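# Chain and residue survey
Each chain, written out:
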Amino acid sequence: MTKEELYQQILQKQSYLCVGLDSDIEKIPARFKSETDPVLAFNKYIIDQTADFCVGYKINTAFYESNGAAGWETMQKTLAHIPQNIFTIADAKRGDIGNTVHQYAKAFFKTLDFNSITVAPYMGKDSVSPFLEYAQKWVILLALTSNPSSQDFQFLSINQDKKTLFEEVLTRSQEWTNDEAMMYVVGATQASMLQKIRSLAPKHFLLVPGVGAQGGSLQEVSKYGMNSQIGLLVNSSRGIIFSENPKESARKLQQEMQQHIEEYHKK
Ligand SMILES: O=C(O)c1cc(=O)[nH]c(=O)n1[C@@H]1O[C@H](COP(=O)(O)O)[C@@H](O)[C@H]1O
């Protein structure tokens, strides 16, 4: 999917919501447990309930890999159930030497046909480049994460100007490709840094997890993160899929997003 196509989807649905399919088998409702593949049945239900209100689905591979080969099959079948015009993210947070990354790229872009994958930047350019060889596929690079321990490395000053490591990730990685093939992960709990981030990466889409269960503010993220093509995919996983009424939870976020688009979207 191209950036323009994603933008058009956002405008059409008045939503930049990404629903996270963090489908923990321990937490799915009891009525799905008698199905042959309970997680698949649950995911199909969630997708059917939420597809009108979101523009992306993020499959966090951990919740599938933990179930071995059967989990991979669930992931594949889940992907097949997602409507064609909805952006798909393999939240796999991969990264390795180039020779290995070619295999990750094949696994997630060819064998599974995701639109994008989350990637850790720590090993540098040659660990990311193989993903970039696929046309119309996206790398979503971890820039500033939502967890408390993001402080450990990401905020470290790397030079006398007090440039931080996450700022260097944002600037250096722009030498590797452009905003048609790369997005950045910025945690919703880091909304106070969004102005800084936008000054470094004005045009890129940002995948923003951390609203809902982790307490990030959708309003703040929208105010400081939105750009001329919206530029945001805001993810909520547990806050939607394990809510009493996933459809209404997704609708509520979409309606809030519609208001933020009216207020903050400057073309
Ligand atoms: O890359 C991610 O998606 C991610 C990055 C980050 O900084 N924080 C973060 O929570 N995530 C993921 O986003 C999802 C958040 O889930 P909820 O907190 O349930 O909405 C999980 O799948 C996390 O693995």
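Residues numbered from 1 in each chain as written. Predicted model: local features only at pLDDT ≥ 70, side-chain atom pairs only at ≥ 80, totals over all residues. Heavy atoms only, no water.

### Regarding the site of the ligand
What surrounds the ligand is a group of 17 residues, the closest being Asp 22, Lys 58, Ser 146, Gln 214 and Arg 238. A total of 510 Å² of accessible area belongs to the ligand in isolation, and the protein chains cover 89% of it. Each residue belonging to the shell around the ligand can be placed in one class, and the counts come to 5 nonpolar, 7 polar and 5 charged. (Near = heavy atom within 4 Å. Areas by Shrake-Rupley, 256 points an atom, 1.4 Å probe, with all protein chains shown as cover. Nonpolar A, V, L, I, M, F, W, Y, C, P; charged D, E, K, R; others polar.)

### Things to note about the UniProt feature "domain: Orotidine 5'-phosphate decarboxylase" (unreviewed entry) in the protein chain
UniProt records the feature "domain: Orotidine 5'-phosphate decarboxylase" (unreviewed entry) for residues 16–253 in the present numbering. In residues 16–253, the share of helix is 35% and the share of strand is 18%. The end C-alpha atoms are 9 Å apart. (UniProt positions renumbered as here; feature names shortened; annotations may be inferred. Helix = DSSP H or I, 4+ residues; strand = E, 2+ residues; numbered from the N terminus.)

### Digging into the packing of aromatic side chains
Under the criterion given, the structure shown has 9 aromatic pairs. Centroid distance Phe 32 to Tyr 45: 5.5 Å. Interplanar angle 45 degrees. Geometry classified as tilted. You can see Phe 32 sitting in the loop between β1 (17–20) and α2 (38–50) and its partner Tyr 45 sitting in helix α2, a full 13 residues away along the chain. Assessed through its relative accessible area of 23%, Tyr 45 is described here as partly exposed. Counting every residue linked through ring pairs, the aromatic cluster contains Phe 32, Phe 42, Tyr 45 and Phe 242. The lysine or arginine in question, Arg 31, covers the ring of Tyr 45, its NZ or CZ lying 5.0 Å from the ring centre. (Phe/Tyr/Trp six-rings, centres within 6.5 Å; stacked < 30°, edge-to-face > 60°. Buried < 20%, exposed > 50% of the residue type's maximum accessible area, 1.4 Å probe, protein only. Lys NZ or Arg CZ within 6 Å of the ring centre and 35° of its normal.)

### Description of helix α1 (residues 3–13)
Residues of α1 that are buried: Lys 3, Leu 6, Tyr 7, Gln 9, Ile 10 and Lys 13. An end-on view of α1 places all buried positions within 160 degrees of arc, on one side of the element. Contacts from the buried residues of α1 go to β3 (87–94), β5 (138–144), β6 (182–186), β8 (232–236) and α11 (246–264). One or two positions beyond α1, positive phi appears at Gln 14, with a value near 50 degrees. (Arc of directions from axis to C-beta. Contact = heavy atoms within 4.5 Å.)

### What to know about the pattern of salt bridges
Close approach of charged atoms lets side chains of opposite charge pair. Under the criterion given, the structure shown has 10 salt bridges. Residue Lys 77 pairs with Glu 73 through a salt bridge whose shortest N-O separation is 2.9 Å. Pair noted here: Lys 77 and Glu 73 are both in helix α4 (residues 68–81), with a separation of 4 residues, about one helical turn. Exposure remark for Glu 73: the relative accessible area of 42% places this residue in the partly exposed category. (Salt bridge = Lys/Arg side-chain N within 4 Å of Asp/Glu carboxyl O.)

### What to know about the sheet that holds β8
Strand order around the closed barrel formed by 8 strands is β1-β2-β3-β4-β5-β6-β7-β8, with parallel pairing between neighbours. Going from strand to strand, the sheet's axes swing by 30 degrees on average, the running direction of each strand aside. Bridge count between strand β2 (residues 56–60) and β3: 5 bridges; the pairing is parallel. If you follow Gly 56 over to β3, its bridge partner there is Phe 87. Contacts from helix α5 (residues 98–111) reach β3, β4 (116–119) and β5 within the one sheet, and its direction differs from that of β3 by about 155 degrees. Sheet contacts for helix α9 (residues 218–225): β7 (206–209) and β8; angle to β8, the most-contacted strand, approximately 165 degrees. (Pairing = 2+ DSSP bridges. Axes fitted to C-alpha atoms, helices over the stretch in contact; angles between N-to-C directions.)

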